[in-house]
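Descriptive analysis of the structure
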Amino acid sequence: MAECMRTLNPLKTPLNINKIPARKIVFPSSFSSFETKPRFKPNKYPKIYVSVMSSQNQNQNQKQKLSLDALVISNRKEELLGDIKGSLSKCLSETNLHLTVPGLKSKARGKVRDIYDGGDYLVLVTTDRQSAFDRILASIPFKGQVLNETSLWWFDRTRHITPNAVVSSPDKNVTIAKKCSVFPVEFVVRGFVTGSTDTSLWTVYHKGVRDYCGNALPDGLVKNQNLPANILTPTTKAEDHDAPVTPAEIIQLGLMTEAEFDEASRKALSLFEYGQRVALEHGLILVDTKYEFGKGCDGSILLIDEVHTPDSSRYWIAHSYEERFQNGLEPENIDKEFLRLWFRDHCNPYEDEVLPDAPQELICELAWRYIFLYEAITKSRFELPLTEEPIHDRITRNVSLALSALR
């Protein structure tokens, strides 16, 4: 029972790779065992392609070309901009439900989510906090609602692949979830060799790494190229950052059993393939993402945390991708990179004790991008809060009612 009482923020697990013997591990398609035979072979990349794009999807995608113009200049953006600006001072930057909701025992603060122990359940509040460089940069209007509702949309549509921990969503920013024992491993799935951070696939590949998280990669790949098959590059929590890890190391460290890892890996790759297919039908390419899993009190492996959100995933606009790739241009993207670059250009976000305030126009632009991506993915209209009731008061009322109904 004690295992089932752990929260969705597991204790950080120190990782000492030096004590683990090196072993080249690649994933067989069945994931039933480990093999040392390389899965990827050189000289298999005559041209770029999107592996999940069937001819049927190509035809559909031609009918609804999602363009960057729709993001930068659109009537919908002008329609929402006033509400975004009006909410700059009303963002949900912090919650204290343990002080306002009867029965909540404690609070754990993540980068974006506040997590409360509700006895038999966890209450996860998605705030408007924007994180990068392992710290909070700003608060973005409506971001928490976007992330929560995007995840719920995907949770509902992936039940055929894996059960999840969701019990209910009593508020636009809240998910009530089953308690479970969380695996201290993030299942990062990638379909492209891209990225700019120290742990991104392109960065490590460009430095000459050809064996990454157990994947044997060929020479000759270029930035933003589509891999011939999606790959899993798991990470585990080290003392102060996520550390890449191989399947063998996960098992040797006791983070998961081989059976648990096999099942979670199959689910992660299936979720990503499904996500790519759905995203492409909606004019987007799901480039990479991360999943987290936990074990319920009945022993079942559950999908937890968030799914295919703008925070956990990278999205590109599909119809312009191949032409831009062939011309050596960066893909048209919808993400928070422009805000990260602003901070990087105006301070040292890793070392400066106090960071400058981000310009209002950048905050509003990012808020719009989150909403734009939500509407592009779900093909539904983002619903703004209907009343002027303070967000914390609204959440307190809704969570109190929901927990009373569950008891």
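Structural data are supplied above this passage.
Heads up: these notes are all about the structure in this document. These numbers were taken from a predicted model, which means no experiment stands behind them. (Residues numbered from 1 in each chain as written. Predicted model: local features only at pLDDT ≥ 70, side-chain atom pairs only at ≥ 80, totals over all residues. Heavy atoms only, no water.)

Here's the deal with helix α11 (residues 360–378)
When the terminal C-alpha atoms of α11 are compared, their 27 Å separation across 19 residues agrees well with the 27 Å that a helix rising 1.5 Å per residue should span. A large share of α11 lies buried, amounting to 17 of its 19 residues. Of the residues one or two after α11, Lys-379 is the one with positive phi, at around 55 degrees. (Helix = DSSP H or I, 4+ residues; strand = E, 2+ residues; numbered from the N terminus. Expected span 1.5 Å × (residues − 1). Buried < 20%, exposed > 50% of the residue type's maximum accessible area, 1.4 Å probe, protein only.)

Let's talk about the packing of helix α3 (residues 75–86) against α11
Their axes nearest at 10 Å, the elements α3 and α11 cross at an angle of 125 degrees. Regarding the angle of α3 to α11, the classification is oblique. For the crossing formed where α3 meets α11, the hand is right-handed. Only Cys-364, Glu-365, Ala-367, Trp-368, Ile-371 and Glu-375 of α11 make contact with α3, whose side of the interface consists of Arg-76, Lys-77, Leu-80, Leu-81, Ile-84 and Lys-85. (Axes fitted to C-alpha atoms, helices over the stretch in contact; angles between N-to-C directions. Parallel < 35°, antiparallel > 145°, perpendicular 65-115°, else oblique. Left-handed = near helix turned anticlockwise from the far one by under 90°. Contact = heavy atoms within 4.5 Å.)

So, the pairing of strand β6 (residues 166–171)
When β6 meets strand β7 (residues 174–178), the two strands line up antiparallel, connected through three bridges. Residue Val-166 lies in a different strand from β7, and its bridge partner there is Ala-177. Where β6 folds back on β7, the antiparallel hairpin that results is connected by two residues. (Pairing = 2+ DSSP bridges.)

Quick word on unusual backbone geometry
Positive phi, normally seen in glycine, also occurs at Phe-133, with a value near 55 degrees. Within the secondary structure, Phe-133 sits in the loop between β4 (129–132) and β5 (135–139). Look at Asp-305: it is not a glycine, yet its phi comes out positive at around 70 degrees.

A short note on the packing of helix α5 (residues 143–157) against α11
α11 packs onto α5 with a crossing angle of 15 degrees between their chain directions and a minimal axis gap of 10 Å. Of the possible angle classes, the one that applies to α5 and α11 is roughly parallel. As for how α5 packs across α11, the hand of that crossing is left-handed. In this structure, α5 contributes Lys-143, Val-146, Leu-147, Glu-149, Thr-150, Trp-153 and Trp-154 to the contact, and α11 contributes Tyr-370, Ile-371, Tyr-374, Ile-377 and Thr-378.

Things to note about the sheet that holds strand β3 (residues 121–126)
For sheets, the rule is that strands pair by backbone hydrogen bonds, running either parallel or antiparallel. Reading across the sheet, the five strands line up as β1-β2-β3-β7-β6 and stay open at both edges, with antiparallel pairing between neighbours. One side of each edge strand has no neighbouring strand; the edge strands of this open sheet are β1 (107–109) and β6. Pairs of neighbouring strands in the sheet enclose a mean axial angle of 25 degrees, with direction left out of account. In the packing of α5 onto the sheet, the strands contacted are β3, β6 and β7, and the crossing angle to β6 comes to about 145 degrees. In the packing of helix α12 (residues 391–406) onto the sheet, contacts are made with β3, β6 and β7, and the angle to β6 comes to roughly 140 degrees.

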